[in-house]
Amino acid sequence: MSVAENKSAKPMCYHRVYVWEYPVRIFHWLNALCIVVLCITGYLIGAPQELFYTNEASHGYWFGIVRFTHMAFGNIFFFNLIIRFYWGIAGNRHARILGYFPVTKKHWKEIYGMLMAEILLIKLHAPEVIGHNALAMVSYLGLFVLSLVQAATGFALYASMSESWLPHLFTWVNTLGGSEFPVRSIHHLIMWLFIIFAIVHVYIVLYGDFVEGRGEVSSMVSGNKFKENRSQCVTDDDFSPGKVKGQKKA
């Protein structure tokens, strides 16, 4: 049914808003790649598979390759995180990390609205926020903290096997934990928290794209999102003879 056929219908019109700057988008995709690689290699390190135990000489260094890959991407993950913290100060208002703290009543209202709409599916529409909503901000703030702990525990576990200066900056983590065993357990637990977060994150992003149609997925490629603006809508009535610019009435 067109708008002309249903006069009470309200068209959904959007305009483009540039939200995510290049550094934010690069961080996002590089961070996603690192988490995928680190979770796979980390799991294999914690639970070596039968393919590591083979009599074939050509397959004899599989475990070494997995460990090297894990540490290489661990370094990328760590320095990518540092750059993101810098851009959390230098970037636009959508990138600033200080804005991730829910300090106002509006933030808590947004969190409630997002939980009701996107998680519990009790409400049909979530609050309209062009950047990160308050629930996402709290989630990402928690993810930043977990990322720091994950990097610290990972470097601490690697320090006894490395001559590099960077892992040895985190030897105090093993001392704080009492031994490597609790540090390894925390490192392993956070890996599963990352996996759970990734599943929920993908679900919410796809929900926002397919249900609300605001360009959530494409925004991390183009940087643009879409905000509703009914005042700029063009309906069927705007093309009627009496409203077309320069056209005389019959």
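As the structure is a prediction and not an experimental result, all values here were calculated from the model.

Enquirer: Please clarify how a positive patch on the surface should be interpreted in this entry.
Expert: A contiguous patch of positive charge on the surface is contributed by Arg93, Arg96, Lys106 and Lys227. Within the secondary structure layout, Lys227 lies in strand S2 (residues 224-228).

Enquirer: Looking at this structure, I do not really get the environment of Leu141. What am I missing?
Expert: Relative to the helices and strands, Leu141 resides in helix H4 (residues 134-158). Considered as a pair, Leu141 and Leu98 are 43 residues apart in the sequence and their alpha carbons are 9.4 Å apart. Beyond its immediate stretch of four places on either side in the chain, Leu141 contacts Tyr100 and Phe101.

Enquirer: Explanation requested: the environment of Arg84 in the structure shown.
Expert: Within the secondary structure layout, Arg84 lies in helix H2 (residues 62-90). Residue Arg84 is classed as buried on the basis of its relative accessible area of 4%. Measuring from C-alpha to C-alpha, the distance between Arg84 and Ala95 comes to 8.8 Å, with eleven residues separating the pair along the chain. Setting aside anything within four residues of it in sequence, one finds Arg84 in contact with Phe27, Ala95, Ile97, Tyr100 and Phe144.

Enquirer: When you look at the nonpolar core in this model, what are you seeing that I'm missing?
Expert: Burial of nonpolar side chains together is a common tendency in soluble globular proteins. In terms of nonpolar packing, the biggest core is built from 22 residues, with Ile35, Cys39, Phe77, Tyr100, Tyr140, Phe144 and Phe194 touching the most fellow members. At the level of elements, helix H1 (22-46), H2, helix H3 (105-119), H4 and helix H7 (180-212) are the ones that each hand at least two residues to this core. Sequence-distant contacts of Phe77, defined by excluding residues within four places in its chain, comprise Asn31, Cys34, Ile35, Leu38, Ser147 and Phe194. Ranked by size, the runner-up nonpolar core spans eleven residues in total, among them Met71, Phe78, Ala151 and Phe155.

Enquirer: Can you help me understand the packing of aromatic side chains in this one?
Expert: Pairs of aromatic rings are described using the distance from one ring centre to the other and the angle between the two planes. Under the criterion given, the structure shown has nine aromatic pairs. Measuring from centroid to centroid gives 6.4 Å for Phe27 and Phe144, while their planes differ by 45°, and the two rings are tilted. Of this pair, Phe27 sits in helix H1 while Phe144 sits in helix H4, and the two are 117 residues apart along the sequence. The residues Phe27 and Phe144 share a single accessibility class, namely buried.

Enquirer: For this particular structure, what's the right way to read H2?
Expert: Given 3.6 residues per helical turn, the α-helix brings residues three or four places apart onto the same face. Spanning 29 residues, H2 covers 42 Å between terminal C-alpha atoms, matching the ideal 42 Å at 1.5 Å per step. Those residues of H2 that sit buried are Gly64, Val66, His70, Met71, Gly74, Phe77, Phe78, Asn80, Leu81, Arg84 and Gly88.

Enquirer: Please clarify how the packing of H2 against H4 should be interpreted in this entry.
Expert: Between H2 and H4, whose axes approach to 10 Å, the crossing angle comes to 140°. The orientation of H2 relative to H4 falls into the category oblique. Considering how the two elements wind past one another, H2 and H4 form a crossing that is left-handed. Facing Arg67, Met71, Gly74, Asn75, Phe77, Phe78, Leu81, Arg84 and Phe85 of H2, the residues of H4 in contact are Phe144, Ser147, Leu148, Ala151, Phe155 and Tyr158. In terms of residue class, the contact of H2 with H4 is built from ten nonpolar, three polar and two charged.

Enquirer: Looking at this model, I keep getting lost on a nonpolar patch on the surface. Mind explaining?
Expert: A surface patch of nonpolar side chains, amounting to about 330 Å² of accessible area, comprises Leu189, Leu193, Ile196 and Val200. Looking at the secondary structure, you find Leu193 in helix H7.

Enquirer: Sorry if this is basic, but what is going on with the packing of H1 against H2 here?
Expert: In helix packing, the relevant descriptors are the interaxial angle and the interaxial distance, both defined with respect to the helix axes. With their axes 8 Å apart at the nearest point, H1 and H2 run at an angle of 150° to one another. By the criterion of interaxial angle, the relationship of H1 to H2 is roughly antiparallel. The element H1 and its partner H2 pack so that their crossing is left-handed. Class assignment for the residues of the contact of H1 with H2 results in 18 nonpolar, seven polar and two charged.

Definitions and cut-offs
Residues numbered from 1 in each chain as written. Predicted model: local features only at pLDDT ≥ 70, side-chain atom pairs only at ≥ 80, totals over all residues. Heavy atoms only, no water. Patch = residues over 30% accessible without salt bridge, like charges linked within 9 Å, V, L, I, M, F, W, Y side chains within 5 Å. Areas by Shrake-Rupley, 256 points an atom, 1.4 Å probe, with all protein chains shown as cover. Salt bridge = Lys/Arg side-chain N within 4 Å of Asp/Glu carboxyl O. Lys, Arg positive; Asp, Glu negative; His and termini not counted. Charge placed at Lys NZ, Arg CZ, Asp CG, Glu CD. Helix = DSSP H or I, 4+ residues; strand = E, 2+ residues; numbered from the N terminus. Contact = heavy atoms within 4.5 Å. Buried < 20%, exposed > 50% of the residue type's maximum accessible area, 1.4 Å probe, protein only. Core = buried A, V, L, I, M, F, W, Y, C linked by side-chain atoms within 4.5 Å. Phe/Tyr/Trp six-rings, centres within 6.5 Å; stacked < 30°, edge-to-face > 60°. Expected span 1.5 Å × (residues − 1). Axes fitted to C-alpha atoms, helices over the stretch in contact; angles between N-to-C directions. Parallel < 35°, antiparallel > 145°, perpendicular 65-115°, else oblique. Left-handed = near helix turned anticlockwise from the far one by under 90°. Nonpolar A, V, L, I, M, F, W, Y, C, P; charged D, E, K, R; others polar.

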